Amino acid sequence: MGLRSSVAVVALVAFAATTAPAGQRPAAPPKLPEHLVGVWQLNAAKSRYFPGPGPIMETRTYIREGEDVVGIIQRTFQDGRRERIEYTANFDREYPVMGTPAYDTIRLKRIDERTAEAVLSHAGRVFGTARRTISQDGKTLTIMFRQESQGNLESNTAIYRKQ
């Protein structure tokens, strides 16, 4: 797995999408699920990156900022290279992402209370999709990323433990 695949695992946080009928005020943004806020550490031994390899260390920090969430992803690769990716987002529209050349926006959609989907794009073109699921006990975060480009498939499953 190259830089693009491992960077793409970034997608993780989502909120419910709501749409107000024309002429009405939009509904208030949904509250950030409490079980998402905190620090999550990658379990590299349980994670799978195809074609691989993935990062050897990664920490995801999610912070509540009003109705939004700030996502900070810090990772280290086998060659010693490090990166820090950041975004502030809410729901159902694109938000800018900083720290990676692979994609520049994230669009979040809530599937249910513990599952969300993110579409990562670069210059308006979809880069890949990620599905984030938090376990019932709130201790495990699983992110499944998928990207198809020019006939090549990248499929990653990253497992994180709440600290």
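Structural data are supplied above this passage.
Conventions and cut-offs
- Residues numbered from 1 in each chain as written.
- Predicted model: local features only at pLDDT ≥ 70, side-chain atom pairs only at ≥ 80, totals over all residues.
- Heavy atoms only, no water.
- Helix = DSSP H or I, 4+ residues; strand = E, 2+ residues; numbered from the N terminus.
- Contact = heavy atoms within 4.5 Å.
- Areas by Shrake-Rupley, 256 points an atom, 1.4 Å probe, with all protein chains shown as cover.
- Salt bridge = Lys/Arg side-chain N within 4 Å of Asp/Glu carboxyl O.
- Buried < 20%, exposed > 50% of the residue type's maximum accessible area, 1.4 Å probe, protein only.
- Pairing = 2+ DSSP bridges.
- Polar contact = N/O pair within 3.5 Å; in protein donor to acceptor, adjacent residues only side chain to side chain.
- Phe/Tyr/Trp six-rings, centres within 6.5 Å; stacked < 30°, edge-to-face > 60°.
- Lys NZ or Arg CZ within 6 Å of the ring centre and 35° of its normal.

Student: Would you take a moment to explain the overall build of the protein chain for this structure?
Tutor: Along the backbone of the protein chain there are one helix and 11 strands. Intrachain contacts of the protein chain at a sequence separation of at least 6 include 43% that bridge at least 24 residues. Working note: accessible area of the protein chain is about 8,400 Å², and carbon and sulfur atoms make up 51% of it.

Student: Is there a simple way to explain unusual backbone geometry in this structure?
Tutor: What you tend to see is this: most non-glycine residues have negative phi, and most peptide bonds are trans. In this structure, Pro51 follows Phe50 across a cis peptide bond, with omega equal to 10°. Mapped onto the fold, Pro51 is located in the loop between β2 (48-50) and β3 (57-65). Backbone torsion omega between Gly52 and Pro53 reads -5°, so that peptide bond is classified as cis. Tracing the chain through its elements places Pro53 in the loop between β2 and β3. Positioned with a positive phi, Ala123 is a non-glycine residue whose angle comes to about 50°. Secondary-structure assignment places Ala123 in the loop between β8 (115-122) and β9 (125-134).

Student: Explain the pattern of salt bridges to me, please; I cannot follow it from the model alone.
Tutor: Side chains that differ in sign of charge can pair as their charged atoms come close. Applying the stated criterion to the full structure yields eight salt bridges. Among the salt bridges present, the one from Arg75 reaches Glu58, with a minimum N-O distance of 2.7 Å. Residue Arg75 is located in strand β4 (residues 68-76), and its partner Glu58 is located in strand β3; the two are separated by 17 residues in the primary sequence. Judged by relative accessible area, Arg75 falls into the buried class, the value being 1%. With relative accessibility at 1%, the residue Glu58 sits in the buried group. Across the pair Glu83 and Arg75 runs a salt bridge, and its minimum N-O distance is 2.8 Å. A single salt-bridge network, built from bridges that share partners, covers Glu58, Arg60, Arg75 and Glu83.

Student: I keep staring at the pairing of β9 and nothing clicks. Help me out?
Tutor: Of the strand pairs in this sheet, β8 and β9 are connected by eight bridges, and their pairing is antiparallel. Residue Ala118 lies in a different strand from β9, and its bridge partner there is Ala130. In this structure, the hairpin formed by β8 and β9 is closed by a connection of two residues, where Ala123 is found at a positive phi of approximately 50°. For β9 and strand β10 (residues 140-149), the ladder comprises six bridges, and the chain directions are antiparallel. Within β10, the position partnered with Thr129 by the bridge is Arg146. Adjacent in sequence and paired antiparallel, β9 and β10 are bridged by five residues, among which Gly138 carries a positive phi angle near 75°.

Student: Before we go on, may I ask you to explain the side chain of Arg60 in this structure?
Tutor: Among the secondary structure elements, Arg60 is positioned in strand β3. Accessibility expressed as a relative area gives 0% for Arg60, which makes it buried. Among the polar contacts listed, one links the side chain of Arg60 to the side chain of Tyr62, at a separation of 3.0 Å.

Student: Looking at this structure, I do not really get the packing of aromatic side chains. What am I missing?
Tutor: Any pair of aromatic rings gets described here by the distance separating the centres and the angle formed by the planes. Under the definition given, this model contains two aromatic pairs. Taken together, a centroid distance of 5.6 Å and an interplanar angle of 35° make the contact between Tyr103 and Phe127 tilted. Taken together, the residues Tyr103 in the loop between β6 (94-98) and β7 (105-112) and Phe127 in strand β9 connect sequence positions 24 residues apart. Following the ring pairs from residue to residue traces out a cluster consisting of Tyr103, Phe127 and Phe145. One cation-aromatic arrangement involves Arg81 over Phe77; the distance from NZ or CZ to the ring centre is 4.0 Å.

Student: Looking at this structure, I do not really get the environment of Glu58. What am I missing?
Tutor: Each C-alpha atom, one on Glu58 and one on Glu83, is 9.6 Å from the other, the two residues being 25 residues apart in sequence. For Glu58, the contacting residues outside a window of four places in its chain are Trp40, Gln41, Leu42, Ile73, Gln74, Arg75 and Tyr160.

Nothing here speaks to function; it is all geometry.
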